[in-house]
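One-letter residues, chain by chain:
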Amino acid sequence: MNIISQIIVGFIAFIHLYILWLEMFAWTTRAKKVFKTIPEDQFEKTKVMAANQGLYNGFLAAGLIWSLFISDSIWSKTVALFFLICVLVAGIYGAMTASKRILFVQAVPAALGILSLIL
């Protein structure tokens, strides 16, 4: 995996670690400032659901980080590609069902990462 791809993969992993933190640990505090389309009274009610979503974002981050530590270049690229495709699909689905903003936060960076790996 080339350095540009590694930087993009690392950045996307960081984004998903941040989302994990927001959804699992800061849902009723800091997340209110980030997820402005959610009514304030819904944060406490959806705390468990958000933590579950955060856990899934953590799995995506873990897979991307794992790909950065694999010494075999083909295996590293394959693992990164798999997790980037997962992020892309999740980003497209989120943009279609929750918020168009997710397209730019998750799907576009994932698409750039996939392109950097393929080209």
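Calculation criteria
- Residues numbered from 1 in each chain as written.
- Predicted model: local features only at pLDDT ≥ 70, side-chain atom pairs only at ≥ 80, totals over all residues.
- Heavy atoms only, no water.
- Helix = DSSP H or I, 4+ residues; strand = E, 2+ residues; numbered from the N terminus.
- Polar contact = N/O pair within 3.5 Å; in protein donor to acceptor, adjacent residues only side chain to side chain.
- Contact = heavy atoms within 4.5 Å.
- Core = buried A, V, L, I, M, F, W, Y, C linked by side-chain atoms within 4.5 Å.
- Buried < 20%, exposed > 50% of the residue type's maximum accessible area, 1.4 Å probe, protein only.
- Phe/Tyr/Trp six-rings, centres within 6.5 Å; stacked < 30°, edge-to-face > 60°.

- As annotated in an unreviewed UniProt entry, the protein carries the name DUF1304 domain-containing protein and is attributed to Flavobacterium cheonanense.

### Focus: the side chain of Gln106
Moving on, step 1. Locating Gln106 in the fold gives a position in helix H6 (residues 101–118).
Moving on, step 2. Within the local environment of Gln106, its side chain forms a polar contact with the side chain of His16, the two groups lying 2.8 Å apart.
Moving on, step 3. Here Gln106 is in contact with His16, Ile19, Asn57, Val87 and Gly91, once residues within four sequence places are set aside.

### Topic: the nonpolar core
Note on soluble globular proteins: their nonpolar side chains tend to be buried together.
Moving on, step 1. Counting 14 residues, the largest nonpolar core has Val9, Ile12, Leu64, Phe83, Leu84 and Val87 as the members making the most contacts within it.
Moving on, step 2. Mapped by element, the contributors of at least two residues to this core are helix H1 (3–25), helix H4 (47–68), helix H5 (73–97) and H6.
Moving on, step 3. When residues in this core are grouped by element, the largest group, five residues, is from H5.
Moving on, step 4. Once you skip the residues sitting within four places of it in the chain, Leu64 turns out to touch Val9, Ile12, Ala13, Ala80, Phe83, Leu84 and Val87.
Moving on, step 5. Among the nonpolar cores identified, the runner-up in size contains seven residues, and Ala26, Trp27, Ala31 and Val34 belong to it.

### Topic: the packing of aromatic side chains
Moving on, step 1. All told, the structure shown has six aromatic pairs when counted by the stated rule.
Moving on, step 2. Their ring planes at 85° and their centres at 6.3 Å tell us that Tyr56 and Phe59 sit as a pair that is edge-to-face. Taken together, the residues span about one helical turn, with Tyr56 and Phe59 both in helix H4 at a distance of three residues.
Moving on, step 3. Its relative accessible area of 48% is what places Phe59 among the partly exposed residues.
Moving on, step 4. Relative to Phe83, the ring of Phe82 lies with its centre 5.0 Å away and its plane at 85°, an arrangement referred to as edge-to-face.
Moving on, step 5. Among the aromatic residues, those joined into a cluster by ring pairs are Trp27, Phe35 and Phe43.

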